[in-house]
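Notes for the structure review
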Amino acid sequence: AQFVVLAQNAPPYYEVVVTRAVYFGRFFGVFCLFTAGLYATGIDYQRFEVVLGISLLLAFTLAFSIPVSSESILPTLLNRLGSRSQVFAVFFVLEVFSVLNFTLAAFLKRNKDYLWMALGLLMVIVGKDVLFFLVSPIPDAVAALVLVGGTILFGHRTHIVYLWS
């Protein structure tokens, strides 16, 4: 979407909107991973839609309150964030706690499949972040393989733990 906006020489406002939309997706995704980790540790949700709604609201609030500079465009075709280090610190902390939640679940439930899920989630996070931040063919190809491998590992182990048919 950002490429189309840049190619048509659209006003910078549209570039900022696309950047905010991408960060909304990243925030919502990391909140969902964190929530899945909480669920794995045994926290019971009576109303899952409330947790999902809170995640959506938080993601929207964070994504649209971050200062975005329309003056500079990164190689990823997104605008530079004003408080970049704080935003990435939030992502890092939530991603680490997401992996730790699955690791904790392995010890609480005495089930090694949760460790495999933690490894798969770590692979997904690393692959996703390398693809997001680097624009280079070889690291991106490796990151894509790590992302796909982590997704398959996480999905397969989730299927085994919860016995979906």
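Note that the structure is predicted; figures quoted are calculated from it, not measured. (Residues numbered from 1 in each chain as written. Predicted model: local features only at pLDDT ≥ 70, side-chain atom pairs only at ≥ 80, totals over all residues. Heavy atoms only, no water.)

1. Regarding the overall build of the chain
- In terms of helices and strands, the chain carries six helices and two strands.
- With the principal axes as the frame, the chain shows a C-alpha extent of 55 × 40 × 30 Å.
- Every one of the 165 residues in the chain was classed for burial, and the buried ones make up 33%.
- Long-range contacts, defined as pairs at least 24 residues apart, comprise 65% of the intrachain contacts of the chain with a sequence gap of at least 6.
- Here the chain displays about 9700 Å² of accessible surface, and carbon together with sulfur accounts for 73% of that area. (Helix = DSSP H or I, 4+ residues; strand = E, 2+ residues; numbered from the N terminus. Buried < 20%, exposed > 50% of the residue type's maximum accessible area, 1.4 Å probe, protein only. Contact = heavy atoms within 4.5 Å. Areas by Shrake-Rupley, 256 points an atom, 1.4 Å probe, with all protein chains shown as cover.)

2. Here we look at the packing of helix H2 (residues 12–41) against helix H3 (residues 48–65)
- Running from N to C, H2 and H3 point in directions that differ by 145°, and their axes come no closer than 8 Å. For the crossing formed where H2 meets H3, the hand is right-handed. Residue-level inspection shows Arg20, Tyr23, Phe24, Phe27, Phe28, Phe31, Cys32 and Thr35 of H2 in contact with H3, the latter providing Phe48, Val51, Leu52, Ser55, Leu56, Leu58, Ala59, Phe60, Leu62, Ala63, Phe64 and Ser65.
- For the contact of H2 with H3, the per-class residue count stands at 16 nonpolar, three polar and one charged. (Axes fitted to C-alpha atoms, helices over the stretch in contact; angles between N-to-C directions. Left-handed = near helix turned anticlockwise from the far one by under 90°. Nonpolar A, V, L, I, M, F, W, Y, C, P; charged D, E, K, R; others polar.)

3. Notes on unusual backbone geometry
- The backbone of Arg110 shows a phi angle near 50°, a positive value even though the residue is not glycine.
- With respect to the element layout, Arg110 can be found in the loop between helix H4 (84–109) and helix H5 (113–133).
- Among the residues examined, Arg110 registers a relative accessible area of 74% and is labelled exposed.

4. Side note on the nonpolar core
- Core analysis: the largest hydrophobic core is formed by 15 residues, its most contacted members being Tyr23, Phe27, Phe31, Ile66, Leu81, Val87 and Phe91.
- Listing elements by their share of this core, those giving two or more residues are H2, H3 and H4.
- Broken down by element, the residue count for this core peaks at five residues, all from H2.
- Not counting the four nearest positions on each side in its chain, Val87 is found in contact with Tyr23, Phe27, Ile66 and Leu81.
- Counting residues in each nonpolar core, the second largest holds eleven residues, with Ala40, Ala105, Ala106 and Ile125 among its members. (Core = buried A, V, L, I, M, F, W, Y, C linked by side-chain atoms within 4.5 Å.)

5. What about the pattern of salt bridges?
- Here the structure, examined in full by the defined rule, presents four salt bridges.
- For Asp113, the salt bridge goes to Arg157, with nearest N and O atoms at 2.4 Å. Highlighted residues: Asp113 in helix H5 and Arg157 in helix H6 (residues 137–162), separated in sequence by 44 residues.
- Relative accessible area serves as the criterion here: at 14%, Asp113 is assigned to the buried category. (Salt bridge = Lys/Arg side-chain N within 4 Å of Asp/Glu carboxyl O.)

6. Digging into H5
- Taking 1.5 Å of rise per residue, the 21 residues of H5 would be expected to cover 30 Å, and the 30 Å separating its terminal C-alpha atoms lies within 8% of that figure.
- Taken residue by residue, H5 has Asp113, Tyr114, Met117, Ala118, Gly120, Leu121, Val124, Ile125, Gly127, Asp129 and Phe132 as its buried positions.
- Of the surrounding secondary structure, the elements contacted by the buried residues of H5 are H2, H4 and H6. (Expected span 1.5 Å × (residues − 1).)

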